[in-house]
Amino acid sequence: MCSLQSSITRSKVMAGGDENSDGGKTDFHVLVVDDSTVVRMVHRMLMTSLGWKVQEAKNGKEAVDLHINGAYFDLIFMDMEMPIMNGPTATRELRAMGVKSNIIGVTSCTFESAHKDFIEAGLNHCVSKPLTIAMISSFLPDSNNK
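Residues numbered from 1 in each chain as written. Predicted model: local features only at pLDDT ≥ 70, side-chain atom pairs only at ≥ 80, totals over all residues. Heavy atoms only, no water.

S.K.: Teacher, can you tell me more about the packing of aromatic side chains here?
M.R.: How two aromatic rings sit relative to each other is set out by the distance from centre to centre and by the angle between their planes. Counted under the stated rule, the structure contains one aromatic pair. Centre to centre, the rings of F28 and W52 are 4.8 Å apart; their planes meet at 45°, and the pair counts as tilted. Here F28 is found in the loop between α1 (2–15) and β1 (29–33), whereas its partner W52 is found in the loop between α2 (37–48) and β2 (53–57), with 24 residues between them in sequence. For the pair F28 and W52, one class covers both residues: buried. (Phe/Tyr/Trp six-rings, centres within 6.5 Å; stacked < 30°, edge-to-face > 60°. Helix = DSSP H or I, 4+ residues; strand = E, 2+ residues; numbered from the N terminus. Buried < 20%, exposed > 50% of the residue type's maximum accessible area, 1.4 Å probe, protein only.)

S.K.: Would you mind going over the packing of helix α3 (residues 60–68) against helix α4 (residues 87–96) with me for this structure?
M.R.: Describing two packed helices takes the angle between their axes plus the distance from one axis to the other. Contact geometry of α3 with α4 gives a least axis separation of 8 Å together with a crossing angle of 15°. With respect to α4, the axis of α3 lies roughly parallel. Crossing handedness for the pair α3 and α4: right-handed. Here G60, A63, V64 and H67 of α3 lie close against α4, whose contacting residues are A90, E93 and L94. Among the residues making up the contact of α3 with α4, the classes are represented as four nonpolar, two polar and one charged. (Axes fitted to C-alpha atoms, helices over the stretch in contact; angles between N-to-C directions. Parallel < 35°, antiparallel > 145°, perpendicular 65-115°, else oblique. Left-handed = near helix turned anticlockwise from the far one by under 90°. Contact = heavy atoms within 4.5 Å. Nonpolar A, V, L, I, M, F, W, Y, C, P; charged D, E, K, R; others polar.)

S.K.: Just checking my understanding: could you explain the sheet that holds strand β5 (residues 125–128) for this structure?
M.R.: Within a sheet, adjacent strands bond to each other through the backbone by hydrogen bonds, running parallel or antiparallel. Strand order in the open sheet formed by five strands is β2-β1-β3-β4-β5, and the pairing between neighbours is parallel. Looking at strand neighbours, the two that pair on one side only are β2 and β5, the edges of this open sheet. Ignoring which end each strand starts from, the neighbouring axes of this sheet average 20° apart. Sheet topology places β1 next to strand β3 (residues 75–79); four bridges connect them, and they run parallel. Paired with V32 across the strands is F77, a residue of β3. Packed onto the sheet, α2 meets β1, β2, β3 and β4 (102–107) and runs at close to 165° relative to β2. (Pairing = 2+ DSSP bridges.)

S.K.: Please clarify how α3 should be interpreted in this entry.
M.R.: Residues lying three or four places apart along an α-helix face the same way, a consequence of the helix completing one turn every 3.6 residues. Among the residues of α3, G60, A63, V64, L66 and H67 are the ones counted as buried. Viewed along the axis of α3, the buried residues span an arc of 155°, placing them on a single side of the element. For α3, the N-terminal capping position is held by N59, with its side-chain oxygen 2.9 Å away from the main-chain nitrogen of K61. G70 occupies a position one or two residues after α3 and carries a positive phi of about 95°. (Arc of directions from axis to C-beta. Polar contact = N/O pair within 3.5 Å; in protein donor to acceptor, adjacent residues only side chain to side chain.)

Right, here's the structure in full:
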């Protein structure tokens, strides 16, 4: 438990969830896109434990619609296989709209050709489920670049 708490604390600092140099809080907004209620719940719990603000979408179309309506996210975790609009299609649409957020593909699919198509859609990274605190923390921007 101590190592997990230490990891969470370190990640909060890296994410700007604790005080920044101006003495105020920095908000880090994340979108979790997955058709599985359980996966969304687990990912939300992990990310809120880091002090992040989390919004959810059940499929790629909901993610695209959020952006059309002016939403902005620092980080997007996008499932690959979803009904209505899958991850690769949603990622292509988001990039075509000019969305610059880091998009992390999250999948249980082990076929390299599927990963390749997903990455070519415009992902920054592609990882296998389940996500962990360490995995999530590795996608944080370098605090020296802020």
